[in-house]
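Summary of structural features
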Amino acid sequence: MTTAERIAAAPTGTETAGHPGPLTLPAARATGCPFDPAPAVDHARREQPVTRATLWDGSPCWLVTRHQDVRDVLGDPRFSAEATRPGFPFLTAGLRELITRTSSSLIRMDDPEHARLRRMLTADFMVKKVEAMRPDVQRLADDLVDRMTDGRTSADLVTEFALPLPSLVICLLLGVPYEEHDFFQERSRVLLSLRSTAEEVGTSTDELLDYLVRLAESKQREPDDGIISRLVARGELDFEEVANMGRLLLVAGHETTANMTALSTLALLRNPAQLARLREDPALIKGAVEELLRYLTIVHNGVSRVATEDVTIGGQTIPAGEGVLCTINTANRDEAVFPGADTLDVSRDARRHVAFGFGVHQCLGQPLARVELQIAMETLLRRLPGLRLDVPFEDVPFRHDMAIYGVHSLPIAW
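Just so you know, these numbers come straight off a predicted model, no measurement behind them. (Residues numbered from 1 in each chain as written. Predicted model: local features only at pLDDT ≥ 70, side-chain atom pairs only at ≥ 80, totals over all residues. Heavy atoms only, no water.)

Details of the overall build of the chain
The following threshold applies: Helix and strand labels come from DSSP, where a helix needs a run of H or I of at least four residues and a strand needs a run of E of at least two; each type is numbered from the N terminus. The globule rule is 2.2 Å times the number of residues to the power 0.38, and the radius of gyration it is compared with is taken over C-alpha atoms. Residue exposure (1.4 Å probe, protein chains only): buried if accessible area is under 20% of the type maximum, exposed if over 50%, otherwise partly exposed. Residues are treated as being in contact if the distance between any of their heavy atoms lies within 4.5 Å.
Across its full length, the chain holds 17 helices and 11 strands. The C-alpha radius of gyration of the chain comes to 21 Å, within 12% of the 22 Å expected for a compact globule of 414 residues. Along the first, second and third principal axes, the C-alpha atoms of the chain reach 60 × 55 × 40 Å. By the burial criterion, 55% of the 414 residues in the chain qualify as buried. Contacts in the chain between residues far apart in sequence, at least 24 positions, make up 70% of those at least 6 positions apart.

Thoughts on empty space enclosed by the protein
Left-over empty space is what a probe sized like a water molecule reveals as it rolls over the atoms. Applicable threshold: Think of a 1 Å grid over the protein atoms and nothing else: a 1.4 Å probe that fits but is trapped marks a cavity, an open set flanked by protein within 12 Å on at least five of seven lines marks a pocket, and residues with an atom within 4 Å of a point count as lining. Grid points are joined across faces, edges and corners, and a volume is the space filled by probe spheres set on the points.
One pass over the full model with this rule turns up three cavities of 30 Å³ or more. Taken as a whole, the second largest cavity holds about 100 Å³ of empty space. Lining the second largest cavity are 13 residues, with Ala27, Ala38, Val41, His300 and Asn301 positioned closest to its centre.

Things to note about the sheet that holds strand 5 (residues 154-156)
Strands pair in a sheet through their backbones, by hydrogen bonds, and they do so in one of two ways: parallel or antiparallel. Stated formally: Two strands pair under a simple rule: DSSP has to find at least two bridges between them.
Spatial ordering of the open sheet is given by 5-11-10, a layout of three strands whose pairing is antiparallel. The sheet is open, and its two borders are formed by strand 5 and strand 10 (388-389), each paired with just one other strand. In this structure, strand 5 lies alongside strand 11 (residues 411-413), joined through three bridges in antiparallel fashion. Along strand 11, the bridge assignment pairs Ser154 with Ala413.

Describing the sheet that holds strand 4 (residues 79-80)
Selection rule: Only the stretch in contact is used when fitting a helix axis, every axis being a line fitted to C-alpha atoms; angles between N-to-C directions are given from 0 to 180 degrees.
Judged by pairing direction, the sheet is mixed, and its six strands sit side by side in the order 1-2-3-9-6-4 without closing on themselves. Each of the sheet's edge strands pairs with one partner strand only, and the pair in question is strand 1 (24-25) and strand 4. In this sheet, strand 9 (residues 323-326) lies alongside strand 6 (residues 303-307) in antiparallel orientation, the contact comprising four bridges. The residue of strand 9 that forms the bridge with Arg305 is Val324. Running over the sheet, helix 3 (residues 67-74) touches strand 2 (50-55), strand 3 (60-64), strand 4, strand 6 and strand 9 and is turned about 130° from strand 9.

Topic: the pattern of salt bridges
Put simply, the rule is: Salt bridge criterion: a side-chain nitrogen from Lys or Arg within 4 Å of a carboxyl oxygen from Asp or Glu.
Applying the stated criterion across every chain yields a total of 34 salt bridges. Of the charged contacts, one joins Glu186 and Arg189 as a salt bridge, the two residues approaching to 2.9 Å between their closest N and O atoms. Taken together, the residues Glu186 and Arg189, both in helix 10 (residues 181-192) and three residues apart, mark about one turn of the helix. Across the pair Lys219 and Asp224 runs a salt bridge, and its minimum N-O distance is 2.5 Å. Three or more residues are tied together by salt bridges with common partners; here these are Asp36, Asp42, Arg45, Arg46, Arg333, Glu335 and Asp342.

As structure tokens, this is what we get:
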């Protein structure tokens, strides 16, 4: 299926580049450049940055699209992350089912409970600890490239490098056997698919939680130095609560970095001048990762909140009890903050991006993601000097059907 056909098959939205249609969410991305946000949502950013929209089930919500307004919402405790509150905007029936099937997730809690649980994990993702993992992550990356290039000149970057690297790392951190990666990656795929039915999400959720509960129980009998084992040893959470924490870290810990790695590689291949700059000056890679995070923003359908009292954002009063969707990909394309925002520039200072969110709920694992992405990009550029796309760009299968954007596969050659 071509890129255009995949976009045509997207769950909702009728807009095409330059001609935004009804603002129904989630909206289809541009047919012109699959790296760009949905035209209807980006049009709202330019013309009516805080506006009403309609969700898949016909329910209304507020759409917040500009950088400062998004930061204002995500940094304001009057906007709740608790998905059990009336008015909370769900992007799919599957996501709504996920909430009803599980106890509250860390990212779906407000303080003080959110802060209490987050503190249990903070030490595992501190910058100093993650930086100390660089040699191990580098070794994994080089081993994967060794296997990928052994006697071959082509491969699927997703299955042979982009997905295994963060999967190995998060399994190591959690104490999850990597041999089980097919099991949890398949369940993750169902949980993140915008096309999954409520029944499919419910089944995958139950199977994944059952597995993690059994794993947590085994850690009580045979402890190790993984995060799950340490959570069990603290004695503050029951096995189901530990499993729920593990589910969040397991799914988020490999899906996000895997898709950023593959999509970043493709974006650089489509911008050969920027790719050449990184090859000539690898010192730019650290900043380039921030720019790629800004430019691509794989959490592409927005971050949900619900107002707990009347709040004015961007001159618009959002009444208590009404849902809000913050589109961080359009916030990261705000020219007021990032001049020439629709252009990839690896020398740009992109540190103000909100790809990891903002406020108390910003991504706990961002130090690890940065290390993994920096190592992944440097390794690919160093080890594969002739790297190129091995299929027509139009045939690359983009993840329009997933909550985390990226590509389903990326055939490359060298």
